[in-house]
Amino acid sequence: EDERIFRTRFKRAWLAIFLLLITAIFVGSLFGVGANEYHYFIAVLILINLIAAIGLNLLVGFTGLLSLGHAAFMGVGAYTSALLISHAGLPIYVTMIAGGLVAAAFGVVVGIPSLRIKGFYLMVATLAFQMVIDYGIIHWEGLTRGIRGIELPTPDFLGFSLKQHQAYFLFVFAVMAILMWGAKNLTRSKIGRAFIAIRDNDISAEIIGISIFRYKLLAFAVSAFYAGVAGALYASFLRTAMPEDYH
């Protein structure tokens, strides 16, 4: 009972009200009442940043590992997705996952120093990674086209065009709900309890048998995956991947 996602009637009631409001706004906009394209534009930006923030919260809030390189993971996801779309013609729902996985791989590499350093020094190390990614995106023109960026076509999902902000909002809302549900269940699992134990006292956690190195790498990987997905969604939403978006 204590680990239920919505433990009280109050929370369940507000969830129902929230879903009803979202439905009412969407239906109303179909008939020209309520939200317009600008409102959906802002809503999509909120949802994309929410996905990235969930990933950052898993790393900083639950595991206690300070990071200033989260935007770099978004950039890795954005450019991975953009390259797969522009060169291979893959759909957004495939490139989005691929962007998250490539960002997760970078997250594992960045997480390796976390075994030896933590706190301020780890934060500086992640900031250095941010600068390296910024430099690479701008100067590797043969791959990223540098400051010109990569232009992307209008995304679609299973044959349905996502050109309108309203349609893209529904797509991103579904992705956000799945990722938020996944993060919530992750924090309620053995992995989530290990993250919290490391955050509270990593030495004590190691004494009771928690593999500090493995779970720190996992925290970086999961956090980077969320950032990579957010970056991929952001690039497709703006129809371009530009280096200044991921400083």
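Bear in mind that the values here come from a model prediction, so they are computed numbers and not experimental data.

A.B. asks: Explain the environment of Tyr246 here, please?
C.D. replies: Counting through the fold element by element, Tyr246 comes out in the segment after strand 4 (240–241). When its relative accessible area of 1% is taken as the criterion, Tyr246 is described as buried. Discounting residues that sit within four places of it in the chain, Tyr246 has contacts with Ala71, Ala72, Met74, Gly75, Ala78, Tyr79, Gln130, Asp134, Gly231, Tyr234 and Ala235.

A.B. asks: For this particular structure, what's the right way to read a nonpolar patch on the surface?
C.D. replies: Together, Phe10, Trp14, Ile17, Leu21 and Ile25 make up a nonpolar patch on the protein surface, roughly 530 Å² of accessible area in all. With respect to the helices and strands, Ile17 occurs in helix 1 (residues 9–30).

A.B. asks: I'm lost on the packing of aromatic side chains in this one. Help?
C.D. replies: Each aromatic ring pair is summarised here by two numbers: the centre-to-centre distance and the angle between the ring planes. A complete count under the given rule lists 15 aromatic pairs for this structure. Between Tyr40 and Phe169, the aromatic rings sit 5.4 Å apart at their centres with planes inclined by 55°, giving tilted as the arrangement. One end of the pair, Tyr40, is in helix 2 (residues 37–62); the other, Phe169, is in helix 7 (residues 165–187), and 129 residues separate them in sequence. Under the relative-accessibility criterion, Tyr40 is labelled buried at 4%. Classification of Phe169 as buried rests on a relative accessible area of 8%. Pairwise contacts between aromatic rings join Phe41, Tyr93, Phe157, Tyr168, Phe171 and Phe237 into one cluster.

A.B. asks: Any chance you could explain the layout of surface pockets here in plain terms?
C.D. replies: To locate leftover empty space, one rolls a probe as large as a water molecule over the atoms. If you add up the space inside the largest pocket, you get close to 500 Å³. Along the walls of the largest pocket sit Ile5, Phe6, Lys11, Leu15, Phe18, Leu19, Phe173, Met176, Ala177, Met180, Trp181 and Lys184, which together make up its complete lining. When contributions to the lining of the largest pocket are tallied by element, the ones reaching two or more residues are helix 1 and helix 7. When residues in the lining of the largest pocket are grouped by element, the largest group, 6 residues, is from helix 7. Residue composition of the lining of the largest pocket, grouped by class: 10 nonpolar, no polar and 2 charged. Taken as a whole, the second largest pocket spans an internal volume of roughly 230 Å³.

A.B. asks: Whenever I open this one, the nonpolar core confuses me. Can you help?
C.D. replies: For soluble globular proteins, the rule of thumb is that nonpolar side chains tend to be buried together. In terms of nonpolar packing, the biggest core is built from 64 residues, with Ile48, Ile51, Phe171, Val172, Val175, Tyr226 and Leu233 touching the most fellow members. Looking at which element gives the most residues to this core, the answer is helix 10 (residues 212–238), with 15 residues. Non-local contacts of Tyr226, meaning those with residues more than four positions away in its chain, are made with Ile51, Ile54, Gly55, Leu58, Leu179, Gly182 and Ala183.

A.B. asks: I tried to follow the side chain of Thr95 on my own but got confused; where do I start?
C.D. replies: Its location among the elements puts Thr95 in helix 4 (residues 92–111). In this structure the side chain of Thr95 is engaged in a polar contact, spanning 2.9 Å, whose partner is the side chain of Ser81. Once residues within four sequence positions are removed from consideration, Thr95 is found in contact with Ser81, Leu84, Ile85, Leu90 and Ala232.

A.B. asks: Where do I start with helix 2 in this structure?
C.D. replies: Given 3.6 residues per helical turn, the α-helix brings residues three or four places apart onto the same face. Between its terminal C-alpha atoms helix 2 stretches 36 Å, which fits the 38 Å expected from 26 residues at 1.5 Å a residue. Maximum bend of helix 2: about 30°, positioned at Leu56. Tyr40, Ala43, Val44, Leu47, Ile48, Ile51, Ala52, Ile54, Gly55, Leu58 and Leu59 are the residues of helix 2 that are buried. Looking at the buried side of helix 2, the elements it contacts are helix 1, helix 3 (70–88), helix 7 and helix 10. Where helix 2 begins, the capping side chain belongs to Asn36, and its oxygen is found 3.0 Å from the backbone nitrogen of Tyr38.

A.B. asks: Sorry if this is basic, but what is going on with the side chain of Thr63 here?
C.D. replies: Checked against the element boundaries, Thr63 lands in the loop between helix 2 and helix 3. At 2.8 Å, the side chain of Thr63 and the backbone oxygen of Leu58 are in polar contact. Contacts of Thr63, omitting those with residues within four sequence positions, involve Leu58, Phe195, Ile198, Arg199 and Ala219.

A.B. asks: So what exactly am I meant to see when it comes to helix 7 here?
C.D. replies: Between its first and last C-alpha atoms helix 7 spans 32 Å; for 23 residues at 1.5 Å apiece the expected length is 33 Å, and the two agree. Those residues of helix 7 lying buried are Gln166, Tyr168, Phe169, Phe171, Val172, Phe173, Val175, Met176, Leu179, Ala183, Leu186 and Thr187.

About the cut-offs
Residues numbered from 1 in each chain as written. Predicted model: local features only at pLDDT ≥ 70, side-chain atom pairs only at ≥ 80, totals over all residues. Heavy atoms only, no water. Helix = DSSP H or I, 4+ residues; strand = E, 2+ residues; numbered from the N terminus. Buried < 20%, exposed > 50% of the residue type's maximum accessible area, 1.4 Å probe, protein only. Contact = heavy atoms within 4.5 Å. Patch = residues over 30% accessible without salt bridge, like charges linked within 9 Å, V, L, I, M, F, W, Y side chains within 5 Å. Areas by Shrake-Rupley, 256 points an atom, 1.4 Å probe, with all protein chains shown as cover. Salt bridge = Lys/Arg side-chain N within 4 Å of Asp/Glu carboxyl O. Phe/Tyr/Trp six-rings, centres within 6.5 Å; stacked < 30°, edge-to-face > 60°. 1 Å grid on protein atoms, 1.4 Å probe; cavity = no way out; pocket = protein on both sides within 12 Å on 5 of 7 lines; lining within 4 Å. Points joined across faces, edges and corners; volume = space filled by probe spheres on them. Nonpolar A, V, L, I, M, F, W, Y, C, P; charged D, E, K, R; others polar. Core = buried A, V, L, I, M, F, W, Y, C linked by side-chain atoms within 4.5 Å. Polar contact = N/O pair within 3.5 Å; in protein donor to acceptor, adjacent residues only side chain to side chain. Expected span 1.5 Å × (residues − 1). Bend = angle between axes of the 7 residues up to and from the residue.

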